[in-house]
Amino acid sequence: MASEAPRRAMQTGRIRSDGAHDGFLRHNNFQWLKVAGSVSLLAILAYLLIDVQPRPNGGSWYGYILGTVGAGLIVWLTLLGLRKRTMTPGAWSLKAWTSAHVYLGLSLIVIGTLHTGFQFGWNVHTLAYVLMMFVIVSGIFGVSAYATLPRAMSANRDEMTEAQMLESLRAIDRQLHEAAQPLELRQAELVRSSLEQDPFGGSLWQRLSGNYPDCETRAAQAAVRTENAYKPKLGNDPLEKVDALLSRKEAMLARVRRHLRLKALLEIWLYVHVPLTFALLAALFAHIISVFFYW
């Protein structure tokens, strides 16, 4: 009996610890997934069992109910941006709110689609539906990014901070500048081109893809290695030292650029998700106004 209490305490502590570290997707044992799944299932069953004449559509009483629920959900989902400014614990903590935002947002695929009655056309009603689907898809990308990219960023940094990575890069540059002093002018120019290139330069596509075809460091290293290929290894050749430093710089550059790429992927979806959300609100407002105008 003496050992039972500590064992229970350890089990309870482990359960509490696991609960504290649960992500928003697993919040409260997938509470909001169950709620959203139940709402979606209820909507599907109603669609299959209710005989709407002449056919299911957004203008039927069933369509109006789904439309009202969907519009209310969309407006509520947009409030997450305001909710993020307040950190509170409990049943309506930010984690719970975010979990509800994700799963209820996904349920809009069912609610919104059934609301349309599968009737689409070139009009503001379909525009609102299409924008809603784009917002949901961009949200799915965002959830995937937040679930995977922070771990990849941590592995890439290898316990270094972003500032430490940049300081390492600057330290290698200082060594390269010093090592290039004994070189011939033509060889020193290769090093200078590497030192003068902005490591943060490049287009948005280069940053997202991590592909930098105009990397001066890589070009300088290739040229230096070509010159070193037919020379005997003496161990004190300044060009060999420059070659080694360029190798270190290229490796550190690759790490910094990988970090910038992951950081950009983590942030860029918001530049799509948020504007699309406002466009959706505008289209939804126009959709509702036109429905009541032609009532």
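All figures in this text were calculated on a predicted structure; none of them were measured in a lab.

**Quick notes on empty space enclosed by the protein**
Okay, step 1: All told, the structure shown has one cavity of 30 Å³ or more when counted by the stated rule.
Okay, step 2: Lining the largest cavity, in full, are L169, D173, S194, L195, Q197, P199, T217, K249, L253 and R257.
Okay, step 3: Elements represented by at least two residues in the lining of the largest cavity include exactly α7 (162-179), α8 (185-196) and α11 (238-268).
Okay, step 4: Considering every element that reaches the lining of the largest cavity, the biggest residue donor is α11, with three residues.
Okay, step 5: Split by residue class, the lining of the largest cavity holds four nonpolar, three polar and three charged.

**Looking at the packing of helix α10 (residues 216-228) against α11**
Okay, step 1: Packing of α10 against α11 brings their axes to within 9 Å, and their N-to-C directions diverge by 150°. Of the possible angle classes, the one that applies to α10 and α11 is roughly antiparallel. Like other packed secondary-structure pairs, α10 and α11 cross with a definite hand, here left-handed. Of α11, the residues touching α10 (which contributes T217, R218, A220, Q221, V224, R225, E227 and N228) are L239, E240, D243, L246, S247, K249, E250 and L253.
Okay, step 2: Of the residues that constitute the contact of α10 with α11, the class distribution is five nonpolar, four polar and seven charged.

**Comments concerning the packing of α8 against α10**
Okay, step 1: The contact between α8 and α10 brings their axes to 7 Å, and the two run at 155°. Taken together, the axes of α8 and α10 lie roughly antiparallel to each other. At the point where α8 passes α10, the crossing takes the left-handed sense. Across the interface between the two elements, R186, Q187, L190, S193 and S194 from α8 touch E216, T217, A220, A223, V224 and E227 from α10.

What counts as what
- Residues numbered from 1 in each chain as written.
- Predicted model: local features only at pLDDT ≥ 70, side-chain atom pairs only at ≥ 80, totals over all residues.
- Heavy atoms only, no water.
- 1 Å grid on protein atoms, 1.4 Å probe; cavity = no way out; pocket = protein on both sides within 12 Å on 5 of 7 lines; lining within 4 Å.
- Points joined across faces, edges and corners; volume = space filled by probe spheres on them.
- Helix = DSSP H or I, 4+ residues; strand = E, 2+ residues; numbered from the N terminus.
- Nonpolar A, V, L, I, M, F, W, Y, C, P; charged D, E, K, R; others polar.
- Axes fitted to C-alpha atoms, helices over the stretch in contact; angles between N-to-C directions.
- Parallel < 35°, antiparallel > 145°, perpendicular 65-115°, else oblique.
- Left-handed = near helix turned anticlockwise from the far one by under 90°.
- Contact = heavy atoms within 4.5 Å.

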